[in-house]
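Each chain, written out:
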Amino acid sequence: ILSVATFAQMQDNAVTWSTDVKPTGNDDEYEIVFTGQIKPGWHIYSAVDKVSETYLEFEDDASGYEVVGSLYDITTPKEEDGQLCFEGLVKFGLKVLLSGESATVKGTIDYTACTHGACTVQDKDFSIDIPGIVNKNVNSKNNSVLSADTKKVIANTEESAKADGSLWALLIEAILWG
């Protein structure tokens, strides 16, 4: 029972996520970069894997932005048993087009994390503020000036993974499920 409880707690810690937002150079288009630090011994799958792809779900009240395309791999995956996966560090990208001066992109990144033949479906909620370019009327001599807010790196989803509840509750749940 103790080994089941220990394994269950490890599942929450397979990947630590952070985000970064940067303008793409196209009018009002931004790239969100999701960076995952994968614990040793674990791997997750590519956004284009046919069996266990990593994907995003967005909240229904999305306003102020439009998603351009879908989630894509920035780092190159390796092939393992016919599937595309990552170990160590992974970066995914997503492009969004602002329809207003700023927006907050909220949702969940869903992925499958595996270790030693055991896999678990995991997710991580995110909320990313995109301030937009405040100075649209820049003089012609210096047309690369961006607002200070735009130059800021937004990394508000990085959190330390903590198990919800107590070890006793986890033990009781494991016994009941068994």
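Residues numbered from 1 in each chain as written. Predicted model: local features only at pLDDT ≥ 70, side-chain atom pairs only at ≥ 80, totals over all residues. Heavy atoms only, no water.

Draft legend 1. Focus on the overall build of the protein chain. Scanning the protein chain from N- to C-terminus turns up three helices and 10 strands. For the protein chain, the sequential pattern of α-helices and β-strands runs α-β-β-β-β-β-β-β-β-β-β-α-α. Across the 178 residues that make up the protein chain, the buried fraction comes to 34%. Surface accessibility of the protein chain: about 10800 Å² in total, with carbon and sulfur atoms responsible for 50%. (Helix = DSSP H or I, 4+ residues; strand = E, 2+ residues; numbered from the N terminus. Buried < 20%, exposed > 50% of the residue type's maximum accessible area, 1.4 Å probe, protein only. Areas by Shrake-Rupley, 256 points an atom, 1.4 Å probe, with all protein chains shown as cover.)

Draft legend 2. The state of the cysteines, seen in detail. In total, this model carries one disulfide according to the counting rule given. Through a disulfide, C114 is tied to C119; the S-S separation comes to 1.9 Å. Sign of the S-S torsion, about 110 degrees for the bond between C114 and C119, identifies this disulfide as right-handed. For C114, a relative accessible area of 1% gives the class buried. Cysteine C85 remains unbridged, with the sulfur of C114 as its closest cysteine sulfur at 8.6 Å. C85 sits in the buried class, given a relative accessible area of 1%. (Disulfide = S-S within 2.5 Å.)

Draft legend 3. The nonpolar core, seen in detail. With 28 residues, the main nonpolar core has W17, I32, F34, I44, F92 and I130 as its most contacted residues. For this core, the secondary-structure elements that each account for two or more residues are strand 1 (15-23), strand 2 (29-38), strand 5 (65-73), strand 8 (89-98), strand 9 (103-115) and strand 10 (118-130). (Core = buried A, V, L, I, M, F, W, Y, C linked by side-chain atoms within 4.5 Å.)

Draft legend 4. Up close: the side chain of E29. Turning to its location among the elements, E29 is positioned in strand 2. Of the side chains bearing the opposite charge, K95 lies closest to the buried E29, which forms no salt bridge; the N-O distance is 4.7 Å. Here the side chain of E29 touches T24 through a polar contact of 3.0 Å, side chain to side chain. Apart from residues no more than four positions distant in its own chain, E29 is found in contact with P23, T24, V68, K95, V96 and L97. (Lys, Arg positive; Asp, Glu negative; His and termini not counted. Salt bridge = Lys/Arg side-chain N within 4 Å of Asp/Glu carboxyl O. Polar contact = N/O pair within 3.5 Å; in protein donor to acceptor, adjacent residues only side chain to side chain. Contact = heavy atoms within 4.5 Å.)

Draft legend 5. Layout of the pairing of strand 2. Within strand 2, nine of the 10 residues are buried, which leaves it mostly tucked inside the rest of the structure. In the sheet, strand 1 pairs with strand 2 via nine bridges, with the strands oriented antiparallel. The residue bridging W17 from the neighbouring strand is G36, located in strand 2. A loop of five residues connects strand 1 with strand 2, the two strands running antiparallel in sequence, and G25 in this loop sits at a positive phi of about 105 degrees. (Pairing = 2+ DSSP bridges.)

Draft legend 6. Quick look at the sheet that holds strand 5. Sheet architecture is open: four strands sit in the order 1-2-8-5, paired in antiparallel fashion. Unpaired on one side and paired on the other, strand 1 and strand 5 mark the two borders of the sheet. Going from strand to strand, the sheet's axes swing by 20 degrees on average, the running direction of each strand aside. (Axes fitted to C-alpha atoms, helices over the stretch in contact; angles between N-to-C directions.)

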